[in-house]
Amino acid sequence: MAEIFKEIPEIKYEGSVGTNPLSFKYYDANKLVSGKTMKEHLRVAMAWWHNLCADGKDMFGEGTANKSFGAEPGTMAHAHRKVDAAFEFMSKLGIELYCFHDLDLVPEADDIKEMNKRLDEVSDHILEKSKETGIKLLWGTANLTRNPRYMNGAGSSNSPEVFCFAAAQVKKGLELTVKLGGTGYTFWGGREGYDLLLNTNVKLELDNIAALMRMAVDYGRSIGFNGDFYIEPKPKEPTKHQYDFDAATAAGFIKEYGLEKDFKLNIEANHATLAGHTFQHDLRIAAINGFFGSVDANQGDSLLGWDTDEFPFNVYETTLCMYEVLKAGGFTNGGLNFDAKNRRASYTYEDMFKGFILGMDSFALGLLKADALIADGRIDDFVKERYAGYDSGIGANIRNRTTSLTELAEIAEKLGAPKLPSSGNQEGLESIMNQVLFG
Ligand code: XUL
Ligand code: CO
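Residues numbered from 1 in each chain as written. Chains lettered and ligands numbered in written order. Predicted model: local features only at pLDDT ≥ 70, side-chain atom pairs only at ≥ 80, totals over all residues. Heavy atoms only, no water.

**Points about the pattern of salt bridges**
Applying the stated criterion across every chain yields a total of 27 salt bridges. A salt bridge links K92 to E3, with the nearest nitrogen and oxygen atoms 2.7 Å apart. Here K92, found in helix α3 (residues 76-93), pairs with E3, found in the segment before β1 (12-13); they are 89 residues apart in sequence, far enough to count as distant. Notably, a salt bridge pairs D58 with R344, separated by 3.9 Å at the nearest N-O pair. A residue pair is termed long-range when its members are at least 10 positions apart, and D58 in the loop between α2 (48-53) and α3 and R344 in the loop between β14 (336-338) and α12 (349-376) qualify at 286 residues. Of the residues examined, R344 reaches a relative accessible area of 34% and is grouped as partly exposed. (Salt bridge = Lys/Arg side-chain N within 4 Å of Asp/Glu carboxyl O. Helix = DSSP H or I, 4+ residues; strand = E, 2+ residues; numbered from the N terminus. Buried < 20%, exposed > 50% of the residue type's maximum accessible area, 1.4 Å probe, protein only.)

Here it is in structure tokens:
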């Protein structure tokens, strides 16, 4: 098989003083961090859609990157060439996982039977490569947004015929996930939302989305899918009101519809910030609800304000993300899917590799620094002390629910004015973070 990225060597860890742009400075796959290798902690995955399909096209101009890989785009030959490119790319970077939508793999056909035939053919090729290299699927999904039929969503469509088509795509997506050894299946809401309340039956749409998910669970479990189902929250884009606005909203939905046995959350950095939260906030909300699952690793730009899907370089953010991941017990079925793309002016093959080098190095640093923050212990100790009042006395009774408003009111009367709570110490904690990061 002719090599595609001929000029690019295998990317190796060369340490933080190295100046070779095609080397890892911090990502050292087998380095042990608190009992696990970096590779096991981070579980890096490549997103098929950005890396192999996105060519830099935007609303104002054509693509800048050539992703034909020597074949005519829109053909099955091209679909196969993308498989070759994917496995060569991942092998050179030491990436062992990937994610895809059905439509990332093959040219779309209107007829579902023809679509599935194409998917069978290409997934046979992927399986062969997977056996050769050990590279596996992290999670699969179906693209239920691109085709005009999904103008009003998939599960939320006003058309039962469209709902059937979506169901067929989800069914096939699950079959492919099982075939390729995936440990997750993701529902990103896509167009599951609305723009105008005047033409929308919100309750029916929510009920139907849950029905589609429930059928997916039943079918998935019946064909041997033992992994996690994920909802990937996003607040806007493409619709004005997305039903899976943020982690808290999606957690409420999962509980409302009794899906908590099978569903977790896939938290994407840029989606969390679009929702007006920090990345670590949404991770914490997922974790405390028992829904910490997987991560779409990227970064937005506050000056732009849309889903820019940049490769992450902000080490404060990756540190705080990995702090949440470590506190949540680490990934099991999930991982760090780099749902990130090169900027339009970074259009070369080298840029594709540099994007992942940047992202993986940023998360490697984040892991090391998060581990150091936990080992340092001052932040944990501070939080423990801050809430120590609830460990005993009336505080413990409040937590154990063994008191009442009457008893608390009597205590308040006896106390007179309560003293101010202890200092929140924000600047002190941020200073500790700087010291651990740069000290
Ligand atoms: C869209 C997005 C998707 C999902 C998978 O913003 O993040 O690519 O990750 O459908
Ligand atoms: Co995503």
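**Points about the domain arrangement of the protein chain**
Often the size quoted for an interface is simply the accessible area lost on bringing the parts together. The domain architecture assigned to the protein chain consists of domain 1 (12-17 + 26-376) and domain 2 (379-438). Relative to domain 2, the C-alpha centre of domain 1 lies at a distance of 39 Å. Among the residues domain 1 hides against domain 2, the three largest losses belong to Y316, K369 and L373. Together they make up 56% of the total. Viewed at the interface, domain 2 and domain 1 are joined by one salt bridge. Between D380 and K327 there is a salt bridge whose closest N-O contact spans 2.7 Å. Connecting domain 1 to domain 2 are four residue pairs in polar contact (both at pLDDT 80 or more). The element that contributes the greatest number of residues to the side of domain 1 that touches domain 2 is helix α11 (residues 315-327), accounting for six residues. Residues belonging to the side of domain 1 that touches domain 2 are distributed by class as follows: seven nonpolar, one polar and three charged. (Domains from an automatic or database assignment. Buried area = accessible area lost by both parts, 1.4 Å probe. Polar contact = N/O pair within 3.5 Å; in protein donor to acceptor, adjacent residues only side chain to side chain. Nonpolar A, V, L, I, M, F, W, Y, C, P; charged D, E, K, R; others polar.)

**Observations concerning the coordination of the cobalt ion (ligand 2)**
Looking at the metal site, the cobalt ion (ligand 2) is ligated by E232 (OE), E268 (OE), D296 (OD) and D339 (OD), spaced 1.9 to 2.2 Å from it. Here the cobalt ion (ligand 2) is ringed by six donor atoms whose angles at the metal span 80 to 172 degrees, and the overall shape comes out octahedral. (Donors = N, O, S within 2.8 Å, 3.2 Å for Na, K, Ca; no water. Tetrahedral: all angles 85-135°; square planar, octahedral: opposite > 155°, others 65-115°.)

**Focus on the environment of N199**
In this fold, N199 is placed in the loop between β9 (193-194) and α7 (202-222). Within polar-contact distance, the side chain of N199 engages the side chain of T200 at 2.8 Å.

**So, the pairing of strand β5 (residues 44-47)**
Put simply, side chains in a regular strand alternate between the two faces of the sheet. Residue alternation in β5 divides its side chains into two sets, V44 and M46 and A45 and A47, and both sets are buried. In the sheet, β5 pairs with β14 via three bridges, with the strands oriented parallel. Within the sheet, the bridge partner assigned to A45 lies in β14 and is N337. As paired strands, β5 and strand β6 (residues 97-101) are joined by three bridges and run parallel to one another. When the sheet's bridge partners are listed, A45 is paired in β6 with L97. (Pairing = 2+ DSSP bridges.)

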